[in-house]
Amino acid sequence: MFCTAGAGRSPRATGTCTSATARRGEAVACTPGRVETSRLVGLALPHPSGAGWASTVPYATADGHLALRTWNRPGHAELATVTATPEDLTLTGTLHGAETTGRGYRLTVRLRDANGPWFHTHCRLEPDGEFAADIPLDRLADLQPGRRAVWDIALTPYAQGRALHPARLFGDLPQRSRIDHFPTAHHAVPPRTFTVQPHLTADHSLALRTVFSTRPRPADGPAVEERPEKHT
């Protein structure tokens, strides 16, 4: 089994493992039969160690080999929904992991640049771990450094502790960035339109692509995500 850690980051630690067997002293990649992952659908049990989420999803690679996608996050914010209006984006989800218990969090939006701008917004937390936060699009537009940008999202604790990047790890999908599609928000900044497109990164964390354009803003009204059917 050969494993590659996802940039060695923690708590966003992600890895990919390729299965192999030895033949005449050489490693030979395994070819899977049917990869059965239905038991992972809806599975949201806490890790015995108290980690926020630790999971392994087997899958067949594009060249037909068996591989495993793994996650191990001491604290985790599982993203549930993203709703878009002309004024804001609303995120909801649940916190997991012993280290998240009793902590207060705020939502931080940061330009994907070491020296870029950032801002905090209020995060509503329930005793059962559910969270919700609104991202005001006017503040995001005010900080936009140019025509296009990418912003990363995190729940940052008020006290010392790890930041949690809202992500979708539950379920049986090894790669969700091309499957989960979120509603686009269009905010008027006359004479331009500020467009915000939420998306999932390679490690399933939420991020925002933003762009200023001169296209007319679409009709007002909330937009919600169209969720794909679960694999069974």
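Before reading further, recall that the structure is shown in the block above.
Residues numbered from 1 in each chain as written. Predicted model: local features only at pLDDT ≥ 70, side-chain atom pairs only at ≥ 80, totals over all residues. Heavy atoms only, no water.

Student: Whenever I open this one, the overall build of the protein confuses me. Can you help?
Tutor: Helix and strand counts for the protein stand at 1 helix and 16 strands. Residue pairs at least 24 apart in sequence account for 60% of intrachain contacts in the protein once pairs closer than 6 positions are excluded. Accessible surface computed for the protein: about 12,500 Å², of which carbon and sulfur atoms make up 52%. (Helix = DSSP H or I, 4+ residues; strand = E, 2+ residues; numbered from the N terminus. Contact = heavy atoms within 4.5 Å. Areas by Shrake-Rupley, 256 points an atom, 1.4 Å probe, with all protein chains shown as cover.)

Student: Looking at this model, I keep getting lost on the pattern of salt bridges. Mind explaining?
Tutor: Two side chains carrying opposite charge are able to pair once their charged atoms lie near each other. Counted under the stated rule, the structure contains 4 salt bridges. Between Arg124 and Asp134 there is a salt bridge whose closest N-O contact spans 3.3 Å. With Arg124 in strand β10 (residues 118–125) and Asp134 in strand β11 (residues 130–136), this residue pair connects regions lying 10 residues apart in the sequence. Given the relative accessible area of 35%, Arg124 is considered partly exposed. Looking at Asp134, the relative accessible area reads 25%, which means it is partly exposed. Between Arg168 and Asp180 there is a salt bridge; the shortest N-O distance is 2.9 Å. Here Asp180 lies in the loop between β12 (148–157) and β13 (185–189) and Arg168 lies in the loop between β12 and β13, a separation of 12 residues in the sequence. Asp180 matches Arg168 in its accessibility class, with the two residues each being buried. (Salt bridge = Lys/Arg side-chain N within 4 Å of Asp/Glu carboxyl O. Buried < 20%, exposed > 50% of the residue type's maximum accessible area, 1.4 Å probe, protein only.)

Student: Would you mind showing me how to read the side chain of His204 here?
Tutor: Residue position: His204 is located in the loop between β14 (192–200) and β15 (206–213). Within polar-contact distance, the side chain of His204 engages the backbone oxygen of Arg168 at 2.9 Å. (Polar contact = N/O pair within 3.5 Å; in protein donor to acceptor, adjacent residues only side chain to side chain.)

Student: So what exactly am I meant to see when it comes to the environment of Ala133 here?
Tutor: Tracing the backbone through its elements, the reader meets Ala133 in strand β11. For Ala133, a relative accessible area of 0% corresponds to the buried category. Between the alpha carbons of Ala133 and Leu91 there is a distance of 5.4 Å; along the sequence they are 42 residues apart. Among residues more than four places away in sequence, those in contact with Ala133 are Leu89, Thr90, Leu91, Leu107, His122, Cys123 and Arg124.

Student: Teacher, can you tell me more about the pairing of strand β7 (residues 76–84) here?
Tutor: It is a general feature of regular strands that their side chains alternate between the two faces of the sheet. Both β7 and strand β8 (residues 88–96) contribute to a ladder of 8 bridges, which runs antiparallel. Each residue of the ladder has a partner; that of Glu78, found in β8, is Thr94. Hairpin connection between β7 and β8: a loop of 3 residues separates the two successive antiparallel strands. (Pairing = 2+ DSSP bridges.)

Student: How should I be thinking about the nonpolar core in this particular structure?
Tutor: Soluble globular proteins tend to bury their nonpolar side chains together. The biggest cluster of nonpolar side chains holds 32 residues, and the ones touching the most others in it are Leu89, Ile135 and Leu155. Each residue touching Leu155, except ones within four places of it in the same chain, is listed here: Ala77, Leu95, Tyr105, Arg106, Leu107, Cys123, Phe131, Arg162, Ala163, Leu164 and Pro166. (Core = buried A, V, L, I, M, F, W, Y, C linked by side-chain atoms within 4.5 Å.)

Student: Got a minute to help me understand unusual backbone geometry in this structure?
Tutor: The phi angle of most residues is negative, glycine excepted, and most peptide bonds adopt the trans form. Here Pro190 and Pro191 are connected by a cis peptide whose omega angle stands at 5°. Its place among the elements puts Pro191 in the loop between β13 and β14. Although it is not a glycine, His204 adopts a positive phi angle of roughly 75°.

Student: I'm lost on the packing of aromatic side chains in this one. Help?
Tutor: What characterises a pair of aromatic rings is the spacing of the ring centres plus the angle enclosed by the ring planes. Under the defined criterion, the tally for this structure stands at 1 aromatic pair. Taken together, a centroid distance of 4.9 Å and an interplanar angle of 45° make the contact between Phe194 and Phe212 tilted. Within this pair, whereas Phe194 is found in strand β14, its partner Phe212 is found in strand β15, the two being separated by 18 residues in sequence. The residues Phe194 and Phe212 share a single accessibility class, namely buried. Sitting over the ring of Phe212, Arg192 keeps its end group 4.0 Å from the ring centre. (Phe/Tyr/Trp six-rings, centres within 6.5 Å; stacked < 30°, edge-to-face > 60°. Lys NZ or Arg CZ within 6 Å of the ring centre and 35° of its normal.)

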